[in-house]
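Per-entry structural report
Spelled out from the first residue to the last, the chains are:
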Amino acid sequence: MAIHPEPFGSTRGGRSVEKITLRRGAMEAEIITYGAALRSLRVPDRSGRAVDVVLGYDDVAGYEDNDGYVGAVVGRYANRIAGASCLIDGRRVPLTPNEDGRQLHGGPEGFSRQVFTLAESGGDFAVLTCTAPDGLCGFPGTLALRVTYALTGQGLGIRYEAVSDRTTHCNITSHAYFNLNGGGDILGHRLWLAAERFTPVGPDSIPLAMARSAAGTPLDFTVEKPIGRDIDAGDGQLQNVGGYDHNFVLDPGQGLRLAARLVGDRSGIVMETWTEKPGIQFYSGNFLETGSGKGGPGYRPRQGVCLETQFFPDSPNHPEWGDILLRPGRRYDYTTEYRFGVEQAETFPGGAAISGTFPAALASKESGSGREDEKFPEM
């Protein structure tokens, strides 16, 4: 069944933006074509009440003024690149800075600022496409991106596919902010991460090393704990970024695997994040500050959690961390799943996976299709 998109308004430059609504069972998602942003995601809580678990805006202007990248697909290279330059086969390539001399989330004209085209749709899935021209924000190569959103009955899957006609860097992710209670702060949310190590950063949020042990520090989430328990601890890593805003080095493994589990303390909603990527950025919304949000009131710091599956920040300046270049003739092809359930007891059983299957739009991956994670080293 094809989807009939609805008008969502226009950009200040006159581009029309559409809203696509996906439904499957008790779940409903809204995506807009500006930034391919996830605007809402409704899932049932432990009482069966539908809760919108992501932050968003009521109009296009909110997304155009979206300094926090709320809900958007970000790239061509998600996260920070030091000095607004990168290495490609030993050659230094200048990039367009947009954060104090650094490049963040692909620069000032990254995918979060682009209007996508709805290319294909069904009742529970939608495919959006966008092409970044050669040289945009400094990156070489014309890069064609295809983003597929699909409801699985147990959650939401997002598949990212890209090809480039020149060797380039590519690291696409979703910058959705989750609040599993549907409102309020996220300090009572409980989090578990499949990561014994994290990437330490300086005050400029640029990595100091690829990995450091989290054991014995406030960044240890190998045992589930409330986000607010240690967030204001006198730890230099937390003080550098005002809370949590770190890449976590996922335990080695191949294919789609469980990376994180988040529990809404009041709603009982459980969200598992599954990924094929080697890292996940946990951001506790430390600097989230918006003039408005869905329904009117703006968002404040620590009212949303980001769990961004990714290659490591500043990897384009560290080829020794692994070859992640996207070359002509290869396909960037990664999937992230957010699987939902409810917690009936006081504690969610550790490691329990919530089953779910993808529709054909996401299940058509071919083995050995050129995913760059096959070249990323086990760490």
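This write-up is about the structure you can find in this document. Just so you know, these numbers come straight off a predicted model, no measurement behind them. (Residues numbered from 1 in each chain as written. Predicted model: local features only at pLDDT ≥ 70, side-chain atom pairs only at ≥ 80, totals over all residues. Heavy atoms only, no water.)

1. Observations regarding empty space enclosed by the protein
Operational definition: Points on a 1 Å grid over protein atoms alone make up a cavity when a 1.4 Å probe fits among them but cannot get out, and a pocket when they form an open set with protein on both sides within 12 Å along at least five of seven lines; lining residues each have an atom within 4 Å of a point. Grid points are joined across faces, edges and corners, and a volume is the space filled by probe spheres set on the points. Throughout this entry, Asp, Glu, Lys and Arg are counted as charged residues, while Ala, Val, Leu, Ile, Met, Phe, Trp, Tyr, Cys and Pro are counted as nonpolar. The remaining residues, Gly among them, count as polar.
Here the structure, examined in full by the defined rule, presents four cavities of 30 Å³ or more. Contributing to the lining of the second largest cavity are Gly75, Arg76, Gly106, Glu109, Gly110, Phe111, Gln114, Ala132, Leu136, Cys137 and Phe139. Its residues assigned to classes, the lining of the second largest cavity shows five nonpolar, four polar and two charged.

2. Some thoughts on the pairing of strand E13 (residues 143-151)
Our working definition: Exposure is judged per residue with a 1.4 Å probe applied to protein chains only, and the accessible area is read against the type maximum: over 50% gives exposed, under 20% gives buried, and values in between give partly exposed. The helix count covers DSSP runs of H or I at least four residues long, the strand count covers runs of E at least two residues long, and both are numbered beginning at the N terminus. Two strands are said to pair when DSSP picks up at least two bridges between them.
Burial of E13 is extensive: seven of the nine residues sit out of reach of the surface. Here eight bridges tie strand E12 (residues 125-132) to E13, and the two strands are oriented antiparallel to one another. Bridge pairing in E13 places Ala126 opposite Tyr149. By the bridge criterion, nine bridges tie E13 to strand E14 (residues 155-164) in an arrangement that is antiparallel. Residue pairing for E14: Val147 is matched across the bridge by Tyr160. The hairpin formed by E13 and E14 contains three residues between the paired strands, and Gly153 there has a positive phi angle of roughly 95 degrees.

3. Some words on the nonpolar core
The criterion, for reference: To form a nonpolar core, buried Ala, Val, Leu, Ile, Met, Phe, Trp, Tyr and Cys residues must be joined to one another through side-chain atoms within 4.5 Å.
Membership of the largest hydrophobic core comes to 74 residues, with the highest contact counts inside it found for Leu41, Val53, Tyr149 and Phe340. Counting 16 residues, the second largest nonpolar core, distinct from the first, contains Phe8, Val17, Tyr57 and Val70.

4. Overview of the layout of surface pockets
Its boundaries defined by the atoms lining it, the largest pocket holds a volume of some 720 Å³. In terms of lining residues, the largest pocket is bounded by 35 residues, among which Asp67, Gly68, Tyr69, Leu104 and Tyr283 are the most central. For the lining of the largest pocket, the secondary-structure elements that each account for two or more residues are helix H1 (60-64), helix H2 (236-241) and strand E23 (279-283). Within this model, the second largest pocket holds a volume of roughly 180 Å³.

5. Focus: the sheet that holds E13
Note: strands within a sheet are paired through backbone hydrogen bonds, in either parallel or antiparallel orientation. One open sheet accounts for nine strands, arranged E11-E12-E13-E14-E25-E22-E21-E16-E19; its pairing is antiparallel. In the strand order of this sheet, the two ends are held by strand E11 (117-122) and strand E19 (225-226), each with one partner. As paired elements, E14 and strand E25 (residues 332-342) share eight bridges and run antiparallel to each other. Residue pairing across strands places Ala162 opposite Tyr332, the latter belonging to E25.

6. A look at the environment of Pro319
Inspection of the secondary structure puts Pro319 in the loop between strand E24 (306-310) and E25. Look at Pro319 and you get exposed, because its relative accessible area is 52%. Separated by 232 residues in sequence, Pro319 and Leu87 have C-alpha atoms that sit 7.7 Å apart.

7. Comments concerning the packing of aromatic side chains
Keep this limit in mind: The criterion for an aromatic pair is that two Phe, Tyr or Trp rings (for Trp, the six-membered ring) have centres within 6.5 Å, with stacked assigned to planes under 30 degrees apart, edge-to-face to planes over 60 apart and tilted to the rest. Our definition puts a charge over a ring when NZ of Lys or CZ of Arg is within 6 Å of the ring centre and also within 35 degrees of the ring normal.
Applying the stated criterion across every chain, the model contains 13 aromatic pairs. Centre to centre, the rings of Phe198 and Phe248 are 6.4 Å apart; their planes meet at 45 degrees, and the pair counts as tilted. With Phe198 in strand E17 (residues 197-198) and Phe248 in strand E20 (residues 245-249), the pair connects residues that are 50 residues apart, well separated along the chain. On the accessibility criterion, Phe198 (2% relative accessible area) is buried. By relative accessible area, which is 0% here, Phe248 ends up buried. In textbook terms, an aromatic cluster arises when at least three aromatic residues are bridged by ring pairs, as seen for Phe198, Phe221, Tyr244, Phe248 and Phe282. Across from the ring centre of Trp274, 3.9 Å away, lies the NZ or CZ of Arg339, which sits over that ring.

8. Considering the side chain of Ser315
To keep things clear, this is the line we draw: Only heavy atoms matter for contacts: two residues are in contact if any of them lie within 4.5 Å across the pair.
Among the structural elements, Ser315 can be located in the loop between E24 and E25. A residue is classified by how much of its surface remains accessible, and Ser315, at 4% relative accessible area, is buried. Contacts of Ser315, omitting those with residues within four sequence positions, involve Tyr77, Trp321 and Ile324.

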